Amino acid sequence: MNRGRFNLSALAVRERSITLFLILLITVAGILSFLGLGRAEDPPFTVKQMTIISAWPGATAQEMQDQVAEPLEKRLQELKWYDRTETYTRPGLAFTMLSLLDSTPPSEVQEEFYQARKKLGDEAKNLPAGVIGPMVNDEFSDVTFALFALKAKGEPQRLLVRDAELLRQRLLHVPGVKKINIIGEQAERIFVSFSHDRLATLGISPQDIFAALNNQNVLTPGGSIDTSGPQVFIRLDGAFDKLEKIRETPVVAQGRTLKLADVATVERG
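All figures in this text were calculated on a predicted structure; none of them were measured in a lab.

Caption draft 1: The arrangement of helix α3 (residues 61-76) in detail. Of all the bends in α3, the greatest, near 40°, is centred on A69, and the proline P71 appears no more than four residues after it. When we look at burial in α3, the residues that qualify are M64, V68, A69, P71, L72, E73, R75 and L76. Along its buried surface, α3 packs onto β1 (49-55), β2 (82-90), β3 (93-100), α4 (106-124) and β4 (132-137).

Here is the structure:
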């Protein structure tokens with residue numbers, strides 16, 4: 001054996017106390033590192049892209065590119081962490097994806113998206129008349145963590161929606177809950193049903209009913225009165241807020257005034 005060659009095994013056997021100390025030190029460091037490893041079921045990540053959709057019914061793909069997409073892209077180039085934009089156009093529609101630099105700090109992404117919304121909103125006033133948007137989406141990376149269903153046999157849909165809203169407000173206070181959407185909600189409507197034969201007998205046309213409802217359900221400013229004390233505002237109470245008010249809407253036809261409930265059925269559904 002060459003005595004000039006360094007022998008690590010011989011050193012470890014000869015210096016047993018140091019070897020044991022290093023083994024214990026490496027073991028403790030490994031245990032601490034293992035306990036500090038990320039083990040999140042859904043680890044957080046930052047998406048550095050946002051989409052912008054603009055619509056202009058009747059425009060060609062070239063017009064969408066030159067008059068809608070290009071001005072928006074120029075404003076987005078003013079962003080601090082701007083990387084590139086990719087635009088796809090077709091007749092009446094333009095789809096633009098904004099990408100930030102990979103070096104963008106995650107803490108700066110939301111602020112950059114906010115600045116992008118502001119710049120797009122400022123430029124929207126300069127777009128041609130008839131353009132719809134731009135509509136921005138920077139939350140397409142959200143995922144659904146849990147889905148809950150509410151059932152109540154015999155309970156009206158509007159009451160079930162209110163129960164869902166109350167549950168939503170309570171869940172928003174749970175730590176870690178970011179956003180809650182209610183899916184499957186049916187919009188509440190009021191149905192006015194009438195018989196054409198009955199209207200013809202009374203000499204009333206459907207347009208008379210539509211005109212009566214439109215004229216009654218309006219919000220008109222009544223002005224205000226300046227006094228030596230407080231300012232008194234005058235309000236014309238004509239807007240519908242109860243089902244009974246709709247039923248009592250006056251319908252004028254051929255010099256006669258009838259209630260809507262006399263010629264039609266008003267129901268909530």
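Caption draft 2: Up close: the packing of α3 against α4. Packing of α3 against α4 brings their axes to within 9 Å, and their N-to-C directions diverge by 140°. Comparing their axes, α4 and α3 come out oblique. In this structure, α3 crosses over α4, and the sense of that crossing is right-handed. On α4, the residues touching P71, L72, R75 and L76 of α3 are A116, K119, L120, D122 and E123. Partitioned by chemical class, the residues of the contact of α3 with α4 number 5 nonpolar, no polar and 4 charged.

Caption draft 3: Structural context of the pattern of salt bridges. The tally for this structure, following the rule as stated, stands at 7 salt bridges. The partner of E70 in a salt bridge is K74, and the shortest N-O contact between them spans 3.6 Å. Here E70 pairs with K74, and both are found in helix α3, just 4 residues apart, close to one helical turn. Note that R84 and D83 form a salt bridge whose closest N and O atoms lie 2.9 Å from each other. A relative accessible area of 39% places R84 in the partly exposed class. Overlapping salt bridges bring together R75, E78, K119 and E123 as one network.

Caption draft 4: Representation of a nonpolar patch on the surface within the structure. Together, V28, I31, L32, F34, L35 and L37 give the surface a local cluster of nonpolar side chains, amounting to about 630 Å² of exposed area. Tracing the sequence through the fold places V28 in helix α2 (residues 16-35). On the basis of relative accessible area, V28 is assigned to the partly exposed category, the value being 46%.

Caption draft 5: Spotlight on the nonpolar core. Ranked by internal contacts, the top residues of the largest apolar core, which has 19 residues, are I52, L76 and L98. Counting only elements with at least two residues in this core, the list comes to β1, α3, β3 and α4. It is α3 that contributes the most residues to this core, 5 residues altogether. Counting 14 residues, the second largest nonpolar core, distinct from the first, contains L199, L202, A253 and A264.

Caption draft 6: Layout of the environment of L172. Tracing the backbone shows L172 in the loop between α5 (157-171) and β5 (190-194). Relative accessible area serves as the criterion here: at 30%, L172 is assigned to the partly exposed category. Residues in contact with L172, not counting those within four places in the same chain, are V177 and I180.

Caption draft 7: Just the side chain of E112, in detail. With respect to the helices and strands, E112 occurs in helix α4. Salt bridges are absent for the buried E112, whose nearest opposite-charge side chain, K80, sits at 7.1 Å. Excluding residues within four positions of it along the chain, E112 makes contact with L79, K80, W81, Y82 and L100.

Cut-off values and rules
Residues numbered from 1 in each chain as written. Predicted model: local features only at pLDDT ≥ 70, side-chain atom pairs only at ≥ 80, totals over all residues. Heavy atoms only, no water. Bend = angle between axes of the 7 residues up to and from the residue. Helix = DSSP H or I, 4+ residues; strand = E, 2+ residues; numbered from the N terminus. Buried < 20%, exposed > 50% of the residue type's maximum accessible area, 1.4 Å probe, protein only. Contact = heavy atoms within 4.5 Å. Axes fitted to C-alpha atoms, helices over the stretch in contact; angles between N-to-C directions. Parallel < 35°, antiparallel > 145°, perpendicular 65-115°, else oblique. Left-handed = near helix turned anticlockwise from the far one by under 90°. Nonpolar A, V, L, I, M, F, W, Y, C, P; charged D, E, K, R; others polar. Salt bridge = Lys/Arg side-chain N within 4 Å of Asp/Glu carboxyl O. Patch = residues over 30% accessible without salt bridge, like charges linked within 9 Å, V, L, I, M, F, W, Y side chains within 5 Å. Areas by Shrake-Rupley, 256 points an atom, 1.4 Å probe, with all protein chains shown as cover. Core = buried A, V, L, I, M, F, W, Y, C linked by side-chain atoms within 4.5 Å. Lys, Arg positive; Asp, Glu negative; His and termini not counted.

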